[in-house]
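Examination of the molecular architecture
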Amino acid sequence: MKTIPKNDESSRPIGVFDSGIGGLTVVKELSRLLPNEKIIYFGDTARVPYGNKSKETIIHYSLQIAYFLLKKKIKMLVVACNSASSVSLPTLKRHFHIPIIGVIEPGAKSAIASSSKNKIGVIGTLGTVSSLAYKKALKKINRNVKVFQQACPLFVPLAEDGWNKTKIAQDISDEYLKGLANKGIDGLILGCTHYPLLKNVIQKSVGKNVGLIDSGVETAKEVKRILEKKNLLNRHKQTGRNHSVFFVSDFPHKFKEVSQRFLSKELTHVHKVKL
Ligand code: DGL
């Protein structure tokens, strides 16, 4: 029988961070695809939202969080927040020498692969949309692709407050997306951690012929590919219940209820920390 050395790097956790609890949609996909991996999550609940903050502030916060997670001996870092992925990745990659990925490139790759019309829509926070990160990533893969963007800031509170399946959500979605629906797109990137919760209303607004690309799902696939390639998939079977650990910078009102909505199960092992 092959023995595995105790300090085997593959058994280290994957670090994931987000501006708050939205990144739990990415954790959900990671746990589904890689049930053997331990995750250490940091949600910056004291400073959320990032979507309306400046580039400099988001980079500063991202560095603080990455230092915190690196101290926990993570083998890989996943920036689950679209707003942070849009602006922080180059700085993070310069500072830390472990595999680091965000949600933008995986989402862009998948959108290009599934579009036949080469017309793709992108929705996200104001920060993500104005950074043009998705547009640049899409154009890098195919410079002929036409990209149409729309910021949908009200989607975040709608998802957090559980209004995601209401008529009001549908009306807001129709209003935001009527411009995109007329552009002849055949793919729409859900460029924000919260938007998978609004999939149904978004699909109704743009019509069934537009494929919705969930960046979280695509990121989980990319994490798997990278860990496989680097021979870092956990060789130790996870036993017992949940081995993932969650850190937050605050416990806001209704934290338990809201996080459950994003993860589809109860959040255990949550600790409040000061960075
Ligand atoms: N997590 C953020 C994102 O994916 C949404 C919430 C925020 O604005 O911080 O862009």
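Residues numbered from 1 in each chain as written. Predicted model: local features only at pLDDT ≥ 70, side-chain atom pairs only at ≥ 80, totals over all residues. Heavy atoms only, no water.

Another aspect to go through is the packing of aromatic side chains. Scanning the entire structure with this criterion turns up 8 aromatic pairs. Relative to Y176, the ring of F155 has its centre 5.3 Å away and its plane inclined at 85°; by these criteria the two rings are edge-to-face. Taken together, the residues span a long stretch of sequence, with F155 in helix α7 (residues 155-160) and Y176 in helix α8 (residues 167-181) at a distance of 21 residues. The pair formed by F155 and Y176 is uniform in burial state, with each residue classed as buried. (Phe/Tyr/Trp six-rings, centres within 6.5 Å; stacked < 30°, edge-to-face > 60°. Helix = DSSP H or I, 4+ residues; strand = E, 2+ residues; numbered from the N terminus. Buried < 20%, exposed > 50% of the residue type's maximum accessible area, 1.4 Å probe, protein only.)

Within the largest apolar cluster, 49 residues are counted, with the highest numbers of intra-cluster contacts made by V16, L24, I123, F155, I202 and V223. Per-element tally for this core: the top contributor is α8, with 5 residues. Not counting residues within four places of it along the chain, the set of residues in contact with I123 comprises Q150, C152, F155, L177, L180, L188, I189, L190, G191, C192, Y195 and I202. F17, I65, I74 and V87 belong to the second largest nonpolar core, which has 26 residues in total. (Core = buried A, V, L, I, M, F, W, Y, C linked by side-chain atoms within 4.5 Å. Contact = heavy atoms within 4.5 Å.)

A few words on the packing of helix α2 (residues 55-70) against helix α3 (residues 82-95). In the contact formed by α2 and α3, the axes pass within 9 Å of each other and the chain directions differ by 55°. Classified by the angle their axes make, α2 and α3 are oblique. Considering only the axes of α2 and α3, their crossing is right-handed. Of the residues in α3, those touching α2 at K55, I58, I59, S62, L63, A66 and Y67 are S83, A84, V87, S88, T91, L92 and H95. (Axes fitted to C-alpha atoms, helices over the stretch in contact; angles between N-to-C directions. Parallel < 35°, antiparallel > 145°, perpendicular 65-115°, else oblique. Left-handed = near helix turned anticlockwise from the far one by under 90°.)

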